[in-house]
Amino acid sequence: MAQKIANRELTVIAISGDGDGYGEGGNHFIHAARRNHDITYLVHNNQIYGLTKGQTSPTSDLGFVTKTTPQGAPPPINPITLAIAAGATFVARAFAGDIDFLSSIIQQGINHHGFALVDILQPCVSFNHQNYLSMV
């Protein structure tokens, strides 16, 4: 963010996953949206912590069972609703499998002046068969 303050012409794109962006970094996400920082935030939402062997994430479906949640996941957060409630001025969701539409949405987010969230639905083929198989 310091570079953006020093150079207002700089295009800032932040990239994270759903666990990182909506869980561990959720407070940063909310306040960046609230303050309307001029950044584009791309979140790869696969509804699972894929890099840590498949624990549920904040966006996992209600009741989703993993090794760490044998009783099922609690109700998921809705990042779209959360972003709007926090004051984000550009909020969109796209599917990773529709490259043309996703590319268009990302470009719109980059061109937007203010905080832009692009929530990218991207099922995890290794640990989230519930959502992946429903899209195949």
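Data block above holds the structure.
Residues numbered from 1 in each chain as written. Predicted model: local features only at pLDDT ≥ 70, side-chain atom pairs only at ≥ 80, totals over all residues. Heavy atoms only, no water.

### A look at the overall build of the protein
Thinking step 1. When you go through the protein residue by residue, the secondary structure sums to 6 helices and 6 strands.
Thinking step 2. In the protein, the succession of helices and strands from N to C terminus is α-β-α-α-β-β-β-α-β-α-β-α.
Thinking step 3. Residue burial in the protein is summarised as follows: out of 136 residues, 40% are buried.
Thinking step 4. Long-range contacts, defined as pairs at least 24 residues apart, comprise 63% of the intrachain contacts of the protein with a sequence gap of at least 6.
Thinking step 5. As presented, the protein carries roughly 7800 Å² of accessible surface, and 57% of it is formed by carbon and sulfur atoms. (Helix = DSSP H or I, 4+ residues; strand = E, 2+ residues; numbered from the N terminus. Buried < 20%, exposed > 50% of the residue type's maximum accessible area, 1.4 Å probe, protein only. Contact = heavy atoms within 4.5 Å. Areas by Shrake-Rupley, 256 points an atom, 1.4 Å probe, with all protein chains shown as cover.)

### Focus on the packing of aromatic side chains
Thinking step 1. The tally for this structure, following the rule as stated, stands at 4 aromatic pairs.
Thinking step 2. Ring geometry for Phe29 versus Tyr41: centroids 6.0 Å apart, planes at 40 degrees, classification tilted. Here Tyr41 lies in strand E2 (residues 40-45) and Phe29 lies in helix H3 (residues 26-35), a separation of 12 residues in the sequence. No difference in accessibility class separates Phe29 from Tyr41, as the two residues are buried. (Phe/Tyr/Trp six-rings, centres within 6.5 Å; stacked < 30°, edge-to-face > 60°.)

### Considerations on the side chain of Asp18
Thinking step 1. In this fold, Asp18 is placed in helix H2 (residues 18-24).
Thinking step 2. One buried charged residue, Asp18, forms no salt bridge at all, with the nearest opposite charge on Arg93 at 9.6 Å.
Thinking step 3. Beyond its immediate chain neighbours, meaning those up to four positions away, Asp18 contacts Gly23, Val43, His44, Asn45, Asn46, Gln47, Ile48, Ser57, Pro58 and Thr59. (Lys, Arg positive; Asp, Glu negative; His and termini not counted. Salt bridge = Lys/Arg side-chain N within 4 Å of Asp/Glu carboxyl O.)

### Some points on helix H5 (residues 99-111)
Thinking step 1. The first and last C-alpha atoms of H5 sit 18 Å apart over 13 residues, in line with the 18 Å expected at 1.5 Å per residue.
Thinking step 2. The set of residues buried in H5 consists of Leu102, Ile105, Ile106 and Gly109. Around the axis of H5, the buried residues are gathered within 100 degrees of arc, so they sit on the same side. Along H5, exposed side chains directed more than 90 degrees from the buried face belong to Asp100 and Asn111.
Thinking step 3. Looking at the packing, one finds that the buried side of H5 touches E2, strand E5 (90-95) and strand E6 (116-121). (Expected span 1.5 Å × (residues − 1). Arc of directions from axis to C-beta.)

### Some details on unusual backbone geometry
Thinking step 1. Its identity is not glycine, yet Asn36 carries a phi of approximately 55 degrees, on the positive side.
Thinking step 2. Mapping Asn36 onto the fold places it in the loop between H3 and E2.

### A word on the sheet that holds E2
Two strands in a sheet stick together by hydrogen bonds in their backbones, pointing the same way (parallel) or opposite ways (antiparallel).
Thinking step 1. The 4 strands lie next to each other as E1-E2-E6-E5, forming an open sheet whose pairing is parallel. This sheet does not close on itself; its edge strands, each paired only once, are strand E1 (13-17) and E5. Strand after strand, the sheet turns through a mean of 20 degrees between neighbouring axes, direction not considered.
Thinking step 2. Both E1 and E2 contribute to a ladder of 5 bridges, which runs parallel. Each residue of the ladder has a partner; that of Ser16, found in E2, is Val43. (Pairing = 2+ DSSP bridges. Axes fitted to C-alpha atoms, helices over the stretch in contact; angles between N-to-C directions.)

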